[in-house]
Amino acid sequence: MTNPIPGSVGRVSPCRLVDLPEHSDPRGRLTVVQPGTGIDFEIHRAYYIHHIPDGAERGAHGHRRLRQIIIAVHGSFDVVVDDGFAQDKFTLDNPSRGLYVGPMVWRDMINFSPGTVGLWLVSEPYDETEYYRDYETFLRDAKALS
Ligand code: T46
């Protein structure tokens, strides 16, 4: 499951962890997400997941164009990424560190800790036709890219 070359998954644009600027003072910590600070796309939509039942898993899809930063704002979960050639698993457990996932990457979100809130900041408006929901179709198109 673990890829020997970190960040090598993602043939169009590799997946990577992004450290987000954090401002800490006696009142707590404030984290900033802004294009230019490790994020190379304009944010056109945000959504978050919460009240996740024990054992639930999300994802099982890929995107044709969408780029995204995934942040565990509270709690933790794992993101398994797969570009049709290699897989890797990233654990998100720090609200000041996001995971960039680019286009043509299949992803699964698993191992949610109780009370997790996950935030997605993405490059495109919602468009169901932009999703791959069938792994075999994703694999066929991903392999055609090489
Ligand atoms: C992802 C994971 C974590 C909308 O109407 N607008 C939206 O922007 C989104 C993201 C979803 N929806 C509707 C479509 C479905 O009726 O919300 C419902 C659940 O969405 P979906 O089945 O796509 O849920 P997941 O877990 O498969 O995936 C969603 C995101 O689509 C996906 O990009 O990373 O949450």
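These numbers come from a predicted model, not from an experiment.

Cut-offs used in this document
- Residues numbered from 1 in each chain as written.
- Predicted model: local features only at pLDDT ≥ 70, side-chain atom pairs only at ≥ 80, totals over all residues.
- Heavy atoms only, no water.
- Buried < 20%, exposed > 50% of the residue type's maximum accessible area, 1.4 Å probe, protein only.
- Helix = DSSP H or I, 4+ residues; strand = E, 2+ residues; numbered from the N terminus.
- Arc of directions from axis to C-beta.
- Contact = heavy atoms within 4.5 Å.
- Salt bridge = Lys/Arg side-chain N within 4 Å of Asp/Glu carboxyl O.
- Pairing = 2+ DSSP bridges.
- Axes fitted to C-alpha atoms, helices over the stretch in contact; angles between N-to-C directions.
- Core = buried A, V, L, I, M, F, W, Y, C linked by side-chain atoms within 4.5 Å.

Asker: I'd love a proper account of helix H1 (residues 135-144), names of residues and values included.
Answerer: Of all the positions in H1, only Phe 138, Leu 139 and Ala 142 are classed as buried. Buried residues of H1, seen end-on, are gathered within an arc of 100° and therefore sit on one face of the element. Those residues of H1 that are exposed and aimed more than 90 degrees away from the buried face are Glu 136, Arg 140 and Ala 144. As for H1, its buried residues are in contact with strand E7 (77-82), strand E10 (106-110) and strand E12 (131-132).

Asker: Provide a residue-level description of the pattern of salt bridges, including the pertinent values.
Answerer: By the definition in use, this model includes 8 salt bridges. Across the salt bridge formed by Arg 133 and Glu 128, the nearest N and O atoms sit 2.9 Å from each other. Exposure remark for Arg 133: the relative accessible area of 46% places this residue in the partly exposed category. As a salt-bridge pair, Arg 140 and Asp 141 come within 3.0 Å of each other at their nearest N and O atoms. Among the ionic contacts, a cluster of salt bridges with common partners joins Arg 65, Glu 124 and Asp 127.

Asker: Describe unusual backbone geometry, and please don't skip the residues or the numbers.
Answerer: One non-glycine residue with positive phi stands out, namely His 51, at about 50°. Mapped onto the secondary structure, His 51 falls in the loop between strand E4 (45-49) and strand E5 (58-63). Backbone geometry places Asn 111, a non-glycine residue, at a positive phi of 60°. Structurally, the position occupied by Asn 111 is in the loop between E10 and strand E11 (117-122). Residue classification places Asn 111 among the partly exposed positions, given a relative accessible area of 47%.

Asker: Describe in detail the sheet that holds strand E6 (residues 68-74), supporting the description with residues and values.
Answerer: If you walk across this open sheet you meet the 5 strands as E1-E9-E6-E11-E4, and the pairing is antiparallel. Looking at the sheet topology across the chains shown, the edges are occupied by strand E1 (16-19) and E4. Strand-to-strand, the axes of this sheet are offset by a mean angle of 25°, without reference to chain direction. By the bridge criterion, 3 bridges tie E6 to strand E9 (residues 97-101) in an arrangement that is antiparallel. Note on E9: the bridge partner recorded for Gln 68 is Val 101.

Asker: Would you mind going over the pairing of E11 in detail, with residue names and values included?
Answerer: Within E11, 5 of the 6 residues are buried, which leaves it mostly tucked inside the rest of the structure. Of the strand pairs in this sheet, E4 and E11 are connected by 5 bridges, and their pairing is antiparallel. Across the sheet, Arg 45 pairs through a bridge with Val 122, a residue of E11. Strand direction decides the pairing type here: E6 and E11, joined by 6 bridges, are antiparallel. Pairing of His 74 across the sheet is with Val 117, part of E11.

Asker: Outline the nonpolar core, supporting the account with residue identities and numerical values.
Answerer: Ranked by internal contacts, the top residues of the largest apolar core, which has 19 residues, are Phe 77, Val 79 and Val 81. Residue assignment for this core shows that the elements contributing at least two residues are E6, E7, strand E8 (87-92), E9 and E11. Here this core gets 3 residues from one element, more than from any other, and that element is E7. Look past the residues within four positions of Val 81 in its chain and what remains in contact with it is Val 9, Cys 15, Ala 86, Gln 87, Asp 88, Phe 90, Val 101, Val 105, Trp 106 and Arg 107. Counting residues in each nonpolar core, the second largest holds 9 residues, with Ile 39, Phe 41, Ile 71 and Tyr 100 among its members.

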